[in-house]
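# Residue-level structure breakdown
Now for the letters of each chain:
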Amino acid sequence: RAGAAGAGQTRDAGRLLPAGNFEGSRLQAIDAEVKLESKDLKAPTALPFESIRASLVLKDAVLKLNPLELGFAGGKIVSKATLDARQPTLKSQVEMDFQKLRLEKMVPENPRISQAAGTIGGRIALSGTGNSIADAAAKANGSAGAAMSQGRISNLLDAISGLNGGKVLRLLLGGDKNIAVNCGGMAFNVKNGQGTSTLFIVDTEQTQIEGGGGFDL
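A brief report on the enclosed structure follows.

### Considering the nonpolar core
Core analysis: the biggest nonpolar cluster contains 11 residues, these being Ile-52, Leu-70, Phe-72, Ala-73, Ile-77, Leu-101, Leu-103, Ala-116, Ile-120, Met-148 and Val-181. Apart from residues lying up to four places away in sequence, Met-148 is in contact with Leu-103, Ala-117, Gly-118, Thr-119, Ile-120, Val-181, Cys-183 and Gly-184. Counting residues in hydrophobic clusters, the runner-up holds six residues, among them Leu-27, Ala-61, Ala-85 and Leu-90.

As structure tokens, this is what we get:
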């Protein structure tokens, strides 16, 4: 047990995700079925978790988590995951749907974000192979995306995002206010652990911001 905990905490200095190996033989040794539900979840962090519902089935070295449903920020994060340990190298698949999350509830401690509002939805679908979280992420393929509607954000944040230095200075001197967000969206294709944006746009009543970027898992 102690050895397993230590392995799980191993990290590559250049990676955020844990690099400790998971032994698939442990999943081959047992079958199990677990269900969990809590309608009032108090998380020990500042993250706005509200409830949890989960069902886990492990049979013939294939672990399925379907669903893992979390009440979060006024909406839901609905996930399902599969971990196949029938071969020496584990195969994993994860799907996450972000449903009707409220922007103003996500970071309530931040005064500028807490004054914002909007409904956020999104989806992540990834599959990979590897015997650690870091290894599977580095080989992951799939997609990720998010969108916002019916929103408002700080005018100062809008000016900073649009790199409008003169407007930023005026707002700092004269005071900030909220402006409407018509829509916003981003989408990424993920191949071999590297995400490349195919869409990044935020359209407010004063500015349209288009961009691009990527990430490396």
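Picking up after the structure, the text goes on.
### Observations regarding unusual backbone geometry
The step from Asn-66 to Pro-67 runs through a cis peptide bond, and the omega angle for that step is 0°. Although it is not a glycine, Asn-192 adopts a positive phi angle of roughly 55°. With respect to the helices and strands, Asn-192 occurs in the loop between strand E8 (178-191) and strand E9 (194-204).

### Some remarks on the environment of Met-96
As for its position among the elements, Met-96 is in strand E5 (residues 91-102). Considered as a pair, Met-96 and Ala-125 are 29 residues apart in the sequence and their alpha carbons are 6.5 Å apart. If we ignore the near neighbours within four places in the chain, the residues touching Met-96 are Ile-77, Val-78, Ser-79, Gly-122, Arg-123 and Ile-124.

### A look at the pairing of strand E3 (residues 62-72)
Pairing of strand E2 (residues 49-59) with E3, which is carried by nine bridges, proceeds in the antiparallel orientation. Bridge pairing in E3 links Ile-52 to Leu-70. In this structure, the hairpin formed by E2 and E3 is closed by a connection of two residues, where Asp-60 is found at a positive phi of approximately 55°. Bridge count between E3 and strand E4 (residues 75-84): nine bridges; the pairing is antiparallel. Residue pairing in the sheet places Leu-70 in a bridge with Ile-77 of E4.

### So, the pattern of salt bridges
Applying the stated rule across the entire model yields nine salt bridges. Here Arg-53 ties to Glu-69 by a salt bridge, and the two come within 3.0 Å at their closest N and O atoms. Residue Arg-53 is found in strand E2, and its partner Glu-69 is found in strand E3; the two are separated by 16 residues along the sequence. For Glu-69, a relative accessible area of 17% translates into the label buried. Each of the salt bridges in this network shares a partner with another, and the network as a whole consists of Lys-80, Glu-95, Asp-97 and Arg-123.

### Some words on the environment of Thr-89
Position of Thr-89 among the secondary structure elements: in the loop between E4 and E5. On the accessibility criterion, Thr-89 (41% relative accessible area) is partly exposed. Distance from Thr-89 to Gly-130, taken between C-alpha atoms, is 5.6 Å for residues 41 residues apart in sequence. Once residues within four sequence positions are removed from consideration, Thr-89 is found in contact with Asp-84, Thr-129, Gly-130 and Asn-131.

### Description of the pairing of E4
From the end of E3 to the start of E4, which pair antiparallel, there are two residues, and Ala-73 there has a positive phi angle of about 50°. With nine bridges joining them, E4 and E5 adopt antiparallel strand pairing. Its bridge partner lying in E5, Ile-77 is registered against Phe-98.

Quick notes on the rules
- Residues numbered from 1 in each chain as written.
- Predicted model: local features only at pLDDT ≥ 70, side-chain atom pairs only at ≥ 80, totals over all residues.
- Heavy atoms only, no water.
- Core = buried A, V, L, I, M, F, W, Y, C linked by side-chain atoms within 4.5 Å.
- Buried < 20%, exposed > 50% of the residue type's maximum accessible area, 1.4 Å probe, protein only.
- Contact = heavy atoms within 4.5 Å.
- Helix = DSSP H or I, 4+ residues; strand = E, 2+ residues; numbered from the N terminus.
- Pairing = 2+ DSSP bridges.
- Salt bridge = Lys/Arg side-chain N within 4 Å of Asp/Glu carboxyl O.

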